[in-house]
Every structure is written in C-alpha cells, then in structure tokens.
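# Observations on the model geometry
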Amino acid sequence: MPGQPIILSTWSLGRRANAVGWEVLSAGGSALDAVERACIAIDADPGVDSVGLGGLPDASGRVSLDGCIMLSPRRCAGVCFVREHNYPVSIARRVMEHTHHVLLAGSGADEFASREGFERCDLLTDEARKVWQKWKTDPAQLTGERYRGWLPPRNVEERRGVEGEGPGDDKQRIAADESLPHNRRHDTVGVLAIDAAGVMAGACSTSGMAFKVPGRVGDSPIIGCGLYVDPRFGAAVATGTGELLMRTCGTFLAVELMRSGRSPAQAATQVIERIIESCDIVDDHQVGLITLNPQGQWASAALRPGFRVAIRSSERDELEPASRVLLNGGEATGSLL
Ligand code: GLY
C-alpha cells in the first residue's frame, strides 16, 4: 500500500542518518537504499566512536563491527565480528542479495567482503586507540564493578547530553568518567524507513560495547534481536545493551506484539517490560526501541532516560525523547554477581 515516506533513526546522530536517507526517499528511492545509506553516513564518520570507523575497540584493542539489514523474513542478513572492513550493513546487504545465508561471522565475513569488492581498512583510529590505552590503565576498570561485568558506559547521551541541549541526567557519572573523550559518543545506529511505494526496511550497525571481551557479539547483527521487519505487521530496531535484547529476542517480540494487535506504542513498552521481568538489570544497562507499523505509525520506549529518536518525513525533521521510559529513577533490578 503506497504511503507517505518516513525514516526513523536512533539517537541524535540519527538526524544526520535521516538527512542522508531522506534524500533517497524524497527522490522516490527505495527504503532499502535509504536505510543502508543512512548507516553508511554514520559508519564513515571517525568522530562517532560506537559504530564503523573510529568505533572503540574490545579489551584487546581491536575493533569489531556488527550489523544487519532486513526487508522481510525472506530477505534479511547480518554480519558480525568484522575486523577488516567498514560498512557492515552494506556487507550484510551483499550477503542477503548474493548468498542463501543469513549470518556471516569473523574472518569469513571479512573474506566475503573482500571478494565483494569492499576495501580493507584499519578501523582503529588514533583517538580510539588513546581512549583504549587510558581505559587499560585506569585502576577503576581493574578493581571496580565494571571490570567484573566488562560493562561499557550505559549510554552516552545520558552522560554527555544531546546536541543543542544541556547535559544528561547523570552529572556525577559524567564527571567520574574521565577515560571517555569529550566528543559526543553514541550507541548503535538503527534505522527504519517506509518508501513512497509503501515498502518497509530496516538496518542497524555498531562496533558493540566498548572494551568488550574479545569475541563478544551483540544484538545488532542478529535478526530478531537488534532488528526485525515483517511487512505485514511492522518493524522494530533496538539500541543499547545487546545482551538484554538477545535474552528476549526484543525486536522479534515487538513485531509479534504488533502482529497480535498491539499498537507500536504498546509493543515497544511491552518489550521493555519483558526485559525488566526477564533480566537482571544493572546500572549500566540501557535499551532504546523504535517500532513502526506498515501504516507509518511509530513509537519508542526506553529502559532509562536519555534515549532519543530522530524523525524525518515530509512534515517533520526532529529529535524527540522516547515516549515511554520504564525506569525513570534509574532503578536496577539485579546485581552483577
Ligand atoms: N546494541 C549494540 C550492542 O550491544 O552491541
């Protein structure tokens, strides 16, 4: 059913992603091209340290990228633990279009990317290396809670504030966290779009948790965890602590809830509720979710304050906070131990 094009992306960097995707949609291009190009724009920016080139490395100092792209259960793919190429969403698109597989990992994914003509590149920038070196020597990381859980910052916008706005909600954490660079930092770029022909698509890309255990893969390349699209019922994309989304198949659950008649707002909220019920939530955890139905109605929900959604359509070009935040006071439900 043809409709009004729309593109939705995670975080304040999503406005830049949307600007690139909107160029495609407003020229009559496909939702698939729009979400891919939106992710490429952020992956190419070495100043964004949670995706693509310039992403913060794992504990051993190596960057690994994850991402996926999806039109429907028949047409979707992801790549994970990519260490020698940028643009995981574009590599995933080639997996979707040129193979019968859904997920390629590690050196196999890198070899596939090279065969597909992607250029090898060193993903670790000098800036990211310096942050990692500082993290390695920070005694708090070696003795404190975060070391036991290998946990990264909960999310950056809470710590650094949002473009054009004041600081985030947790000034003590900002002050305490001097190992982090002072440029703005964000989590997964996740994008959902509907084009003028009414086709829906989604993509997401990440370098995963900063300083993760080498080998760790999160939700972003896994269909049904970081992203799910079923053109009959809706789409969902997620950002934040991948382990919580993997434990609950968060985006698949969101689309299933829309399939059973829930609105995008109800679906997004119920996924966050399920995460709280099913997982031990600690202070550093955050999840943000965007849901979209085939009619173009959308919603967002988050575990904690700080998550923002960027919206672009013929009528709007805005950034807004999650419509539902389930742990407003920052409550934790579990322990790291
Ligand atoms: N959501 C990104 C990750 O956990 O890797």
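Structure report, in brief.

What counts as what
Residues numbered from 1 in each chain as written. Predicted model: local features only at pLDDT ≥ 70, side-chain atom pairs only at ≥ 80, totals over all residues. Heavy atoms only, no water. Pairing = 2+ DSSP bridges. Helix = DSSP H or I, 4+ residues; strand = E, 2+ residues; numbered from the N terminus. Axes fitted to C-alpha atoms, helices over the stretch in contact; angles between N-to-C directions. Expected span 1.5 Å × (residues − 1). Buried < 20%, exposed > 50% of the residue type's maximum accessible area, 1.4 Å probe, protein only. Arc of directions from axis to C-beta. Core = buried A, V, L, I, M, F, W, Y, C linked by side-chain atoms within 4.5 Å. Contact = heavy atoms within 4.5 Å. Polar contact = N/O pair within 3.5 Å; in protein donor to acceptor, adjacent residues only side chain to side chain. Salt bridge = Lys/Arg side-chain N within 4 Å of Asp/Glu carboxyl O.

If you trace the eight strands from one edge of the open sheet to the other, you get β4-β3-β2-β6-β5-β1-β11-β12, paired in mixed fashion. Each having just a single partner strand, β4 (103-105) and β12 (317-321) make up the two edges of the open sheet. Going across the sheet, the axis of each strand differs from the next one's by a mean of 10°, ignoring polarity. Two strands pair when backbone bridges link them, and strand β11 (residues 308-313) and β12 are joined in this way by five bridges, in the antiparallel orientation.

Turning to helix α5 (residues 126-137), a few remarks are in order. Between its first and last C-alpha, α5 extends 17 Å over 12 residues, near the 16 Å set by a 1.5 Å rise per residue. The set of residues buried in α5 consists of Ala128, Val131, Trp132 and Trp135. All buried residues of α5 project into a common sector of 100° when viewed along the axis, lining one side. Across α5 from its buried face, at more than 90 degrees, point the exposed residues Asp126, Lys130 and Thr137.

Our next topic: the nonpolar core. In terms of nonpolar packing, the biggest core is built from 93 residues, with Ile7, Ile69, Val79, Val189, Leu227, Ile275 and Leu292 touching the most fellow members. Here the element with the most residues in this core is helix α2 (residues 31-43); it accounts for seven residues. Those residues in contact with leucine 227 that lie beyond four places of it in its chain are Cys68, Ile69, Met70, Leu192, Gly202, Ala203, Cys204, Ile222, Ala236, Val237 and Thr251.

In this fold, isoleucine 42 is placed in helix α2. Linking isoleucine 42 and valine 189, residues 147 residues apart in sequence, is a C-alpha distance of 7.5 Å. Non-local contacts of isoleucine 42, meaning those with residues more than four positions away in its chain, are made with Leu13, Arg16, Ala17, Val48, Val51 and Val189.

Among the structural elements, threonine 206 can be located in strand β6 (residues 200-206). The exposure class assigned to threonine 206 is buried, which follows from its relative accessible area of 4%. In this structure, the C-alpha to C-alpha distance between threonine 206 and threonine 188, residues 18 residues apart in sequence, is 4.7 Å. Those residues within four positions of threonine 206 in sequence are excluded, and the remaining contacts are Ser50, Val51, Ser64, Leu65, Asp66, Thr188 and Ser220. Separated by 3.4 Å, the side chain of threonine 206 and the backbone oxygen of serine 50 make a polar contact.

Charged atoms that come close allow side chains of opposite charge to pair. Counting across every chain of the model gives 15 salt bridges. One salt bridge in this structure joins glutamate 97 and arginine 75, with 3.9 Å as the shortest N-O distance. With glutamate 97 in helix α3 (residues 88-98) and arginine 75 in strand β3 (residues 75-82), this pair connects stretches of sequence that are 22 residues apart. Among the residues examined, glutamate 97 registers a relative accessible area of 36% and is labelled partly exposed. Look at arginine 75 and you get partly exposed, because its relative accessible area is 38%. Ionic contacts of the salt-bridge type, sharing partners, join the residues Asp33, Glu36, Arg75, Arg93 and Glu97 into one network.

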